[in-house]
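Examining the three-dimensional arrangement
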Amino acid sequence: MKQRSILLFAATALLISGCTAKTPEPSQETTPVVLEAPPRAVVEPSASELLGQKLKKEMAYEDLRKTVLADGWLPLVTPECKENIGGEAKICDQQPEVESCSGDGHCNMLFAHGDGYTKLKVGIYDGLVKFFEFSALPLDNAAIACPSQDFEVFLKHFASEKAVKDAFTAPLIKVEELVDDEQKGYGYRTVYQPRSNYKDFDLQAKEDGFHVLDGNDEADPIASKIDIQPEGKNQYFIKFQYGMSEGNSYKFKKFKDCWYLTEDPEAPSP
């Protein structure tokens, strides 16, 4: 019996030793997984943020103007400029960005940028910048639905329905102007005009096509041929021949969910 017990104990010990977990070799150890944070979205600075970094109070207005124009901003015309200043107010013709000037020499100047339609107002005195401020001019067509995503269909509605034209004209229109300088003669300059002052969309859509409007907003009895050309994915250039060859073109650009009149890119002939 004693010998059988010894043999049974030895067999049990051998079985237990065979089931014991082995310590893994160093080469079998796993490398811990490091989770990386997702990359952050890159937000491009706006036109006003880029320009604002370059402007300072008390800088010379001449330097500010050069900087503003070099950054792609344009003078914003104030229709009431001469009324605001009084007299001949020649400065309104010489510097189209002038909004008003007081009797003691303080003047306000306006510029604009088509990137989001942002306005820059600058106050100056004695040739130095006293303040500058940016403000947004958002698109607002909440009361009118977009007539069509198809541009040619949209254009017919735009050129025949006043409510559509009013709603889908951008807050500022980029306009190429003909300028008659007393010393230099005729020349051209590009400015922004406020929507309320822009009256030069001269097409009316009828059943037989587009008719050109004259100075009294009377439609020519004969339809004119309209050339519609895409410029990239979200912009169209339209042009027509009527009398003189220059000054008969417009640009429309798509913002959000509809098309907007944004430019009058050709000035009329002298």
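Quick notes on the overall build of the chain
In terms of helices and strands, the chain carries 7 helices and 13 strands. Expressed as a percentage of the 270 residues in the chain, the buried residues total 34%. Taking contacts inside the chain between residues at least 6 apart in sequence as the whole, the part at least 24 apart equals 44%. Just so you have it, the chain exposes about 17,500 Å², and 52% of that area is on carbon and sulfur atoms.

Topic: the nonpolar core
Counting residues in hydrophobic clusters, the biggest one holds 36 residues, and the most contacted among them are Phe154, Phe201, Leu203, Ile238, Tyr250 and Phe252. When residues no more than four places from it in sequence are discounted, the contact partners of Phe252 are Phe151, Phe154, Leu155, Phe158, Phe201, Asn234, Gln235, Tyr236, Ile238, Tyr260, Leu261 and Thr262. Residues Met59, Val68, Cys92 and Cys101 belong to the second largest nonpolar core, which totals 20 residues.

Focus on the environment of Val122
Mapping Val122 onto the fold places it in strand 4 (residues 118–125). Distance from Val122 to Glu97, taken between C-alpha atoms, is 9.7 Å for residues 25 residues apart in sequence. Each residue touching Val122, except ones within four places of it in the same chain, is listed here: Tyr61, Leu64, Cys107, Asn108, Met109, Val129, Phe131 and Phe132.

Some words on the pattern of salt bridges
Within this structure, the stated rule accounts for 11 salt bridges. Salt-bridge contacts for Lys130 lead to Glu58; the nearest nitrogen and oxygen are separated by 3.1 Å. One end of the pair, Lys130, is in strand 5 (residues 128–136); the other, Glu58, is in the loop between helix 2 (47–52) and helix 3 (61–70), and 72 residues separate them in sequence. For the salt bridge of Glu231 with Lys251, the shortest nitrogen-to-oxygen distance reads 3.5 Å. Residue Glu231 is found in the loop between strand 10 (226–230) and strand 11 (235–240), and its partner Lys251 is found in strand 12 (residues 249–255); the two are separated by 20 residues along the sequence. Residue Glu231 is classed as partly exposed on the basis of its relative accessible area of 32%.

Comments concerning the confidence of the model for the chain
Averaged over all residues, the pLDDT of the chain equals 85, while 82% of them reach at least 70. The element-level mean pLDDT for the chain is lowest in helix 1 (residues 2–19), coming to 42, with helix 6 (residues 151–158) highest at 98. Residue range residues 1–24 is modelled with pLDDT below 50. Its contacts to residues more than four positions away, or to other chains, number 0 contacts.

Details of unusual backbone geometry
With a phi angle near 60°, Asp217 is a residue other than glycine that sits in the positive phi range. Its place among the elements puts Asp217 in the loop between strand 9 (209–212) and strand 10. Phi at Lys256 is positive, roughly 55°, even though this residue is not glycine. The residue Lys256 is located in the loop between strand 12 and strand 13 (258–264) in this model. According to the relative accessible area criterion, Lys256 is exposed, its value standing at 77%.

Quick notes on the rules
- Residues numbered from 1 in each chain as written.
- Predicted model: local features only at pLDDT ≥ 70, side-chain atom pairs only at ≥ 80, totals over all residues.
- Heavy atoms only, no water.
- Helix = DSSP H or I, 4+ residues; strand = E, 2+ residues; numbered from the N terminus.
- Buried < 20%, exposed > 50% of the residue type's maximum accessible area, 1.4 Å probe, protein only.
- Contact = heavy atoms within 4.5 Å.
- Areas by Shrake-Rupley, 256 points an atom, 1.4 Å probe, with all protein chains shown as cover.
- Core = buried A, V, L, I, M, F, W, Y, C linked by side-chain atoms within 4.5 Å.
- Salt bridge = Lys/Arg side-chain N within 4 Å of Asp/Glu carboxyl O.
- pLDDT = per-residue confidence, 0-100.

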